Amino acid sequence: QERLIRLLYTGRMDSAKGLLDMVQALGVLVKGGEDLVLDLVGWPEEGSDILSQIEKTAAQNGVEDRVFYHGYKAVGPDLFAYYKNADLYLLASQSSFEGFPRTIWEAMAHSTPVVATRVGSIPDFIEGAAELAPPKDPEALAKGVLHLVDHPEIRRKYIQRGFDLARQNTLEVQVGEMANKIQAWVEG
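In short, a report on the structure. (Residues numbered from 1 in each chain as written. Predicted model: local features only at pLDDT ≥ 70, side-chain atom pairs only at ≥ 80, totals over all residues. Heavy atoms only, no water.)

A few words on the environment of Thr 57. Within the secondary structure, Thr 57 sits in helix α2 (residues 50-60). As for Thr 57 and Ser 121, which are separated by 64 residues in sequence, their C-alpha atoms are 28 Å apart. Ignoring sequence-local partners within four residues, the contact set of Thr 57 consists of Leu 20, Val 23 and Gln 24. A distance of 2.9 Å separates a polar side-chain atom of Thr 57 from the backbone oxygen of Gln 53. (Helix = DSSP H or I, 4+ residues; strand = E, 2+ residues; numbered from the N terminus. Contact = heavy atoms within 4.5 Å. Polar contact = N/O pair within 3.5 Å; in protein donor to acceptor, adjacent residues only side chain to side chain.)

Below is the structure:
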């Protein structure tokens, strides 16, 4: 980790993903003396004004020069380079109906520690392997980021646990488990 902390969000550019909360959390951290930037990689829904909302929120929070939108990147080397360059992956989803975002597995597979909101099935899969905050709470999100920035030993623990979880949750491993369960059911 360098002095400048790179936060990363990848995925659908949608207010339900807590993008404005992320920008507000960045503002809280920068006002507190932290040196951070937020990289956003993804695609806005057609007709959405989320990118202009992000710009406006960044300006209101004094971080307009610290939020960077990089557009859509296909899964592969271009996208993975962002994970490799990030210090922390940030997901501030607000929906209690959130499934489990693939982007969390991608971050963990790239040894990028995760700060996410405690919504949907996220805590079921990554409790103890990521910093979790309540949804719609930029201050709590900022505290989660700061906790990992200030505690490298916890960050390293989350990196290892996250990597192990990502390895256990590949398509190949899950298909193998499903095949074993089906076989046991057929034979039983």
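Another aspect to go through is a nonpolar patch on the surface. Together, Ile 182, Trp 185 and Val 186 give the surface a local cluster of nonpolar side chains, amounting to about 400 Å² of exposed area. By secondary structure assignment, the location of Trp 185 is in helix α8 (residues 171-187). Residue classification places Trp 185 among the exposed positions, given a relative accessible area of 71%. (Patch = residues over 30% accessible without salt bridge, like charges linked within 9 Å, V, L, I, M, F, W, Y side chains within 5 Å. Areas by Shrake-Rupley, 256 points an atom, 1.4 Å probe, with all protein chains shown as cover. Salt bridge = Lys/Arg side-chain N within 4 Å of Asp/Glu carboxyl O. Buried < 20%, exposed > 50% of the residue type's maximum accessible area, 1.4 Å probe, protein only.)

Helix length check: helix α1 (residues 19-31), at 13 residues, gives a terminal C-alpha distance of 19 Å against a target of 18 Å (1.5 Å per residue), a fit within 8%. All of the buried residues in α1 are Leu 19, Asp 21, Met 22, Val 23, Ala 25, Leu 26, Gly 27, Leu 29 and Val 30. Directly beyond the C-terminal end of α1, a positive phi value near 100° is found at Gly 33. (Expected span 1.5 Å × (residues − 1).)

Following the criterion strictly, the structure yields five salt bridges and no others. Residue Asp 39 pairs with Arg 6 through a salt bridge whose shortest N-O separation is 2.9 Å. A residue pair is termed long-range when its members are at least 10 positions apart, and Asp 39 in strand β2 (residues 36-44) and Arg 6 in strand β1 (residues 5-13) qualify at 33 residues. Asp 39 sits in the buried class, given a relative accessible area of 5%.

Moving on, we come to the packing of aromatic side chains. Enumeration over the complete set of coordinates arrives at five aromatic pairs. Between Trp 43 and Tyr 72, the aromatic rings sit 5.8 Å apart at their centres with planes inclined by 75°, giving edge-to-face as the arrangement. Of this pair, Trp 43 sits in strand β2 while Tyr 72 sits in the loop between β3 (67-69) and α3 (77-85), and the two are 29 residues apart along the sequence. The partly exposed category is assigned to Trp 43, whose relative accessible area is 37%. (Phe/Tyr/Trp six-rings, centres within 6.5 Å; stacked < 30°, edge-to-face > 60°.)

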